[in-house]
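A look at the structure
Okay, here's what each chain looks like letter by letter:
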Amino acid sequence: MMMIHAVSRRRFLAGSSLLLASGAMLKFGFAQSAPQRGGQLIVAADSEPRNLNPAIVASNGVFFIASKVVEPLAEASFEGPDGLAPRLAVSWSGADDGLSATFKLREGVTWHDGAPFTSQDVAFSAMNLWKPLQNLGRTIFKDLEAVDTPDDLTAVFRFSQPTPFQLIRNALPAVTSVVPKHIYEEGDIASNPANLQPVGTGPFKFAEHRPGEYYRLVRNDAYWADDLPQLDEIIYRVLADRAAAAGALEAEEIQLAAFSMVPLADLARIDQVDDIEIKPEGYEALTYQLVVEINHRRRELADLRVRQAIAHAIDTDFVVKTIFLGYASPATGPVPSNDPQFYTPDVPTYPFDVARANTLLDEAGYKRDANGTRFSLKLLPAPYFNETRQFGAYLRQALASVGIDAEIVNNDAAAHQKAVYTDHAFDLAVAPPVYRGDPAISTTILVQSDLPAGVPFSNQGGYSNPEMDALIAKAATTLDPGERVALYKQFQAMVKADLPLINVAEWGFITVARSSVQNIGNTPRWAVSNWADTWINT
Amino acid sequence: MNRVLGLIGRRLLASMFVLGLVVVGTFFLLEAAPGDAVDAYAAALGAGDAGLTAELRAQWGLDQSPWARLLAYGYALAHLDLGRSLIFSRPNLEIIRERLPNTLLLMGTATALSFGLGSLLGIWAGARPGSFRDRLLSIGSLALYAIPGFWLGLVLLVVFAIELRWLPLSGIETIASGKQGFARGADIARHLVLPVGALSLIYLALYLRVMRAAMAEAWRQDFVLAAKARGIPRRRIVLGHVARNAMMPLVTMLGLQSAAMLGGSIVIESVFAIPGLGRLAYEAVAGRDTSLLMGIILVSAVLVIAINLAVDLLYAWLDPRVGANTTGVA
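The structure displayed is predicted, hence computed values, not measured ones. (Residues numbered from 1 in each chain as written. Chains lettered and ligands numbered in written order. Predicted model: local features only at pLDDT ≥ 70, side-chain atom pairs only at ≥ 80, totals over all residues.)

**Considering the overall build of chain A**
So the rule is basically this: By definition, any uninterrupted DSSP run of H or I lasting at least four residues is a helix, any uninterrupted run of E lasting at least two residues is a strand, and each is numbered from the N terminus. Counting other C-beta atoms within 10 Å of a residue's own tells you its class, since 20 or more makes it buried, 12 or fewer makes it exposed, and anything in between is partly exposed; those C-beta atoms are placed from the backbone. Think of it this way: build a C-beta for each residue from its backbone, and any pair within 7 Å is a contact.
Within chain A, the regular secondary structure consists of 16 helices and 21 strands. For chain A, the spread of C-alpha atoms along the principal axes amounts to about 75 × 60 × 45 Å. Counting the 538 residues in chain A, one finds 53% classified as buried. The contacts in chain A between residues at least 6 apart in sequence include a share of 70% that link residues at least 24 apart.

**Here's the deal with the overall build of chain B**
The helix and strand inventory of chain B stands at 12 helices and zero strands. Traced from its N-terminal end to its C-terminal end, chain B shows the element sequence α-α-α-α-α-α-α-α-α-α-α-α. For chain B, the spread of C-alpha atoms along the three principal axes comes to 85 × 60 × 40 Å. Looking at the 330 residues of chain B, the share that counts as buried comes to 38%.

**A word on the interface of chain B and chain A**
Here is the rule we go by: Residue polarity follows a fixed list, in which Ala, Val, Leu, Ile, Met, Phe, Trp, Tyr, Cys and Pro are nonpolar, Asp, Glu, Lys and Arg are charged, and the others, Gly among them, are polar.
Listed as interface residues are 40 residues of chain B and, on the opposing side, 42 residues of chain A. Elements represented by at least two residues in the side of chain B that touches chain A include exactly α2 (37-45), α3 (50-59), α5 (92-127), α7 (149-163), α10 (234-271) and α11 (277-286) of chain B. If you tally residues by element for the side of chain B that touches chain A, the top one is α2 of chain B, at six residues. Looking at the side of chain B that touches chain A residue by residue, the classes come out as 23 nonpolar, nine polar and eight charged.

**A short note on the pairing of strand β6 (residues 144-151) of chain A**
Residues and elements named next belong to chain A. Convention followed: When DSSP locates at least two bridges between a pair of strands, those strands are taken to pair.
With five bridges joining them, β6 and strand β7 (residues 154-159) adopt antiparallel strand pairing. Considered in β7, the bridge of V147 is made with F157. Counting the residues between successive antiparallel strands, the hairpin from β6 to β7 contains two residues.

**Side note on the UniProt feature "transmembrane region" (unreviewed entry) in chain B**
Residues and elements named next belong to chain B. So the rule is basically this: UniProt positions are given in the numbering used here, feature names are shortened, and annotations may be inferred rather than shown by experiment.
Here, UniProt's "transmembrane region" (unreviewed entry) annotation points to residues 12-30, 104-125, 145-167, 188-208, 259-280 and 292-318. The span residues 12-30 carries 100% helix and 0% strand; its end-to-end C-alpha distance comes to 27 Å. In residues 104-125, helix accounts for 100% and strand for 0%; the two terminal C-alpha atoms are 30 Å from one another.

**Considering the sheet that holds β7 of chain A**
All names here are of chain A. Our working rule: An axis is simply a line fitted to the C-alpha atoms; with a helix, the fit covers only the stretch in contact. Between two such axes, the angle follows the N-to-C directions and lies from 0 to 180 degrees.
Pairing is antiparallel in the open sheet, where four strands are placed in the order β4-β5-β7-β6. Among the strands making up the open sheet, the edge pair consists of β4 (89-94) and β6. The sheet shows a mean angle of 20 degrees between the axes of neighbouring strands, direction not considered. The strands that helix α3 (residues 119-130) touches are β5 (100-105), β6 and β7; relative to β6, the one it contacts most, it runs at about 175 degrees.

**Here's the deal with helix α7 (residues 243-250) of chain A**
Of all eight residues that make up α7 of chain A, six are buried, and the element is covered over most of its length. Of all the residues in α7 of chain A, the buried ones are A244, A245, A246, G247, A248 and L249 of chain A. Residues of α7 of chain A that are buried sit in contact with β1 (40-45), β11 (256-257), α8 (264-271), β12 (276-279) and β19 (511-514) of chain A together with α7 of chain B. Phi for E252 of chain A, located one or two positions after α7 of chain A, is positive at around 60 degrees.

**Some words on the nonpolar core**
Operational definition: To count as a nonpolar core, a set of buried Ala, Val, Leu, Ile, Met, Phe, Trp, Tyr and Cys residues must be joined through C-beta atoms within 7 Å.
Of all hydrophobic cores here, the largest spans 235 residues; its most connected members are V43, A245, A257, V292 and L395 of chain A together with I296 of chain B. In terms of residues, this core owes the most to one element, helix α8 (residues 181-219) of chain B, which gives 17 residues. Apart from residues no more than four positions distant in its own chain, A245 of chain A is found in contact with A44, L239, A257, M261 and V262 of chain A.

**A closer look at the sheet that holds strand β15 (residues 375-381) of chain A**
Residue and element names in this part refer to chain A. Taken in spatial order, the six strands make up an open sheet running β14-β18-β13-β17-β15-β16, and their pairing is mixed. Among the strands making up the open sheet, the edge pair consists of β14 (329-330) and β16 (404-408). As defined by bridge partners, β15 adjoins strand β17 (residues 428-431) across three bridges and the pair is classed as parallel. Bridging across to β17, L380 finds its partner in A429. Its contacts with the sheet put helix α10 (residues 316-323) on β14 and β18 (501-507), and the angle it makes with β18 is roughly 35 degrees.

**Quick word on the environment of A198 of chain B**
Residues and elements named next belong to chain B. By secondary structure assignment, the location of A198 is in helix α8. For A198, a count of 25 C-beta atoms within 10 Å translates into the label buried. In this structure the C-alpha to C-alpha distance between A198 and A110, which are 88 residues apart in sequence, comes to 8.7 Å. Residues within four places of A198 in sequence aside, it is in contact with G149, L152, G153, L156 and I268.

**With respect to helix α5 (residues 165-175) of chain A**
The buried fraction of α5 of chain A is high, at 11 of 11 residues. Those residues of α5 of chain A that sit buried are F165, Q166, L167, I168, R169, N170, A171, L172, P173, A174 and V175 of chain A.

**What to know about unusual backbone geometry**
Here the residue pair L228 of chain A and P229 of chain A is connected by a cis peptide bond, since its omega of -5 degrees sits within 30 degrees of zero. Tracing the backbone shows P229 of chain A in the loop between β9 (214-219) and β10 (233-238). Notably, W531 of chain A is not glycine yet its phi reads approximately 55 degrees, a positive angle. Mapped onto the elements of the fold, W531 of chain A is located in the loop between β20 (517-518) and β21 (535-536). The phi torsion at R288 of chain B lies on the positive side, around 55 degrees, for a residue other than glycine. With respect to the element layout, R288 of chain B can be found in the loop between α11 and α12 (290-318). Take R288 of chain B: there are 27 C-beta atoms within 10 Å of it, and that puts it in the buried class.

**As for the confidence of the model for chain A**
Interpreting fine coordinate detail is not advised for predicted regions of low pLDDT. For the record, the criterion: pLDDT: the predictor's confidence for each residue, scored from 0 to 100.
Here chain A averages 90 in pLDDT, and 94% of its residues register 70 or above. Predicted confidence is poor over residues 1-31 of chain A, with pLDDT under 50, and the contacts of this stretch with residues over four places away or in other chains come to 28 contacts.

**Focus: the environment of D241 of chain A**
Relative to the helices and strands, D241 of chain A resides in the loop between β10 and α7. D241 of chain A sits in the partly exposed class, given 18 other C-beta atoms within 10 Å. Taking the C-alpha atoms as reference points, D241 of chain A and N530 of chain A, separated by 289 residues in sequence, lie 25 Å from one another. When near neighbours in sequence (up to four residues on either side) are disregarded, D241 of chain A contacts S270, V271 and A273 of chain B.

**As for the environment of G247 of chain A**
Positionally, G247 of chain A belongs in helix α7. The residues touching G247 of chain A, leaving out its near neighbours within four places in the chain, are L157, I162 and L169 of chain B.

**Thoughts on the confidence of the model for chain B**
Residues and elements named next belong to chain B. For chain B, per-residue confidence averages 84 on the pLDDT scale, and residues scoring 70 or more make up 96% of the total. Counting contacts from residues 326-330, a segment whose pLDDT is below 50, to residues more than four positions away or on other chains yields two contacts. For this predicted complex, the interface confidence comes out at an ipTM of 0.83, alongside a pTM of 0.87.

Here you go:
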């Protein structure tokens, strides 16, 4: 499991042969491969998070800025063992009984204010922020009882229930951002000023935020990794209008736009511009899925044959080619195919087949009326991406071809969240859930039952399958990694067989940058990593 | 002078009532929108559990009834406290104070430019109604007026900022430039050229057409005939008699447009990435940040009321009949 997946391995090998080639070129006098120190990188930012503390808010919007300032215990890596590279922790191991995990911490690390980093900071972050406050940590660390600190460089996590170390390990990059105890121990954590002006151990220090205009980060000269970072400054230019990023790149007002801030439709055009490059790498561990959420409270949709018919009515190749312009791949199930540990293609499939879909609907007893309509539905596409809205329009047509009349209801983010996850006022919805490296982090919640109304990005469609719940519960407490993987493979097959929701496609984002920016996309979470080795070729 | 003071007093009294209506109206409008600030925030979080959203609602005071929240807001407002923003977790007043100058600068420059240039061109066109230049200006202004503001903004961007690179693409000033004094002023002016151009070109057409129409109307009045009969030179008739009387509807328009400009600046501020009140209002609605939105609307309402008061005073100066209630003339 050293490499992320087959494609990544190829990419990595291609990358290393390129490195060899450039090393060879160096001998002949080409200076381009030696990183240059200094310079300012200006990147586009499409939002200004209300809280920049990644120990409280583990989201890509926060990480995009804060990951350069505040570091996790370990970061995702293409090459490292278990897909990880050490950051604030240098080694980690889990006890066989699943009741403890030990982290050896890095020596000689200081906070940006000069105070030394110790195991106290890790214990404080875990017990006072990750477990009680963090959107992901509240689930992953729910059984965390205490963190022992036998010495300054050792932190021992103790759990009240057996907790799979594999899950903790997979979650390290996203949920273990460490913040300084000495800054957070006084007063209310939620209103600490450091939530807006983070203090960390990372390669860049937070310098200033001009609301509505920019964030500025500056080089941390005391960074623990020698000779890093390369850049002097990173500036996040706030461009709320997505159309603005492409223009700003062309006019050289910014040098990089991550997270597909340049819309897919503009890529072909901007690719023609000299010195601008399109990079799809660096999002392998941030895969989004395009999913049709189903409200099983609707009598028609509670019938498996109807759900199968809908799956057969969707032409995934068309979706990938036309909506994602090729920058996506068809999804086989709830785990994306680029996951190195859990993915299995060995699941039931529903190839595009309108005739089969019609037969299934006929069998289910939903005959066409005089207008050719079997029944009508309310379809709510999530407003978060162009692609989710466009897929909503496509799905309406696809459903029409099998006699299901879907009425599209467009909402903004707040209204969509409430309609789907609290009020259940939908029949079908289009959602873009994120896969976070382990099915237990935010994937099983999409199909497990008995969740109260109001849980965002969870099963609010009323789907309830005791067999599925039992499988999810068993996998959650299984400690043996191999056994755990086998259970999640079974889970994927069960989801695909019973269709609590329909996984249509999976995609990563696109980075568009000036050719001068180097080392883009060299880790699986590149856009939300620390950019210490990013440099500008002048 | 008494006439003016009386006018101001009456307007201030009416304004308080208007402001109260604005507060309550905004509150219930946003209350009627589905979803609250926590729902909007949950979308950005990307994951969570039931306990988290409940805790956030309690923390942000959203677990209270709408009436209790409105009452609390009114109480704070009576103590001149605009509250704290939920989406920025900072005091509303501080946020609005940062953004207001940008919007005022954008709006003020655009209004002054379109009003000044529009009325001048209107006078020029209306001096000889039906002439070639009148027709040319009429057609030109109609074409301009028909163009949507955001489209004009984008075209200006593509031509002058991306292709020719004469002017900066976006923002109110060069980021983190450290410029001070005159250099900073010049930098801001360069950044304002395109957005002000886009905003004022459209309103210029409006002022031009209103002025021109009012001029044409004034030419048919008896006092113009009388002035002609008295042998007053045409130039003086145009400026002193026709144009001065034609100014009245234009001044009315100025008052009305100042409110519309605040709205129009949302689009222009978004296209040009200018951190102003318009974009802030959009973010407040998207994030269901009721107190921030009410703060913005209140400040905007005060602005519009102040501008209209100034317009009324200008009116009183242009037309002695205005505000003199004793004469009984409307």
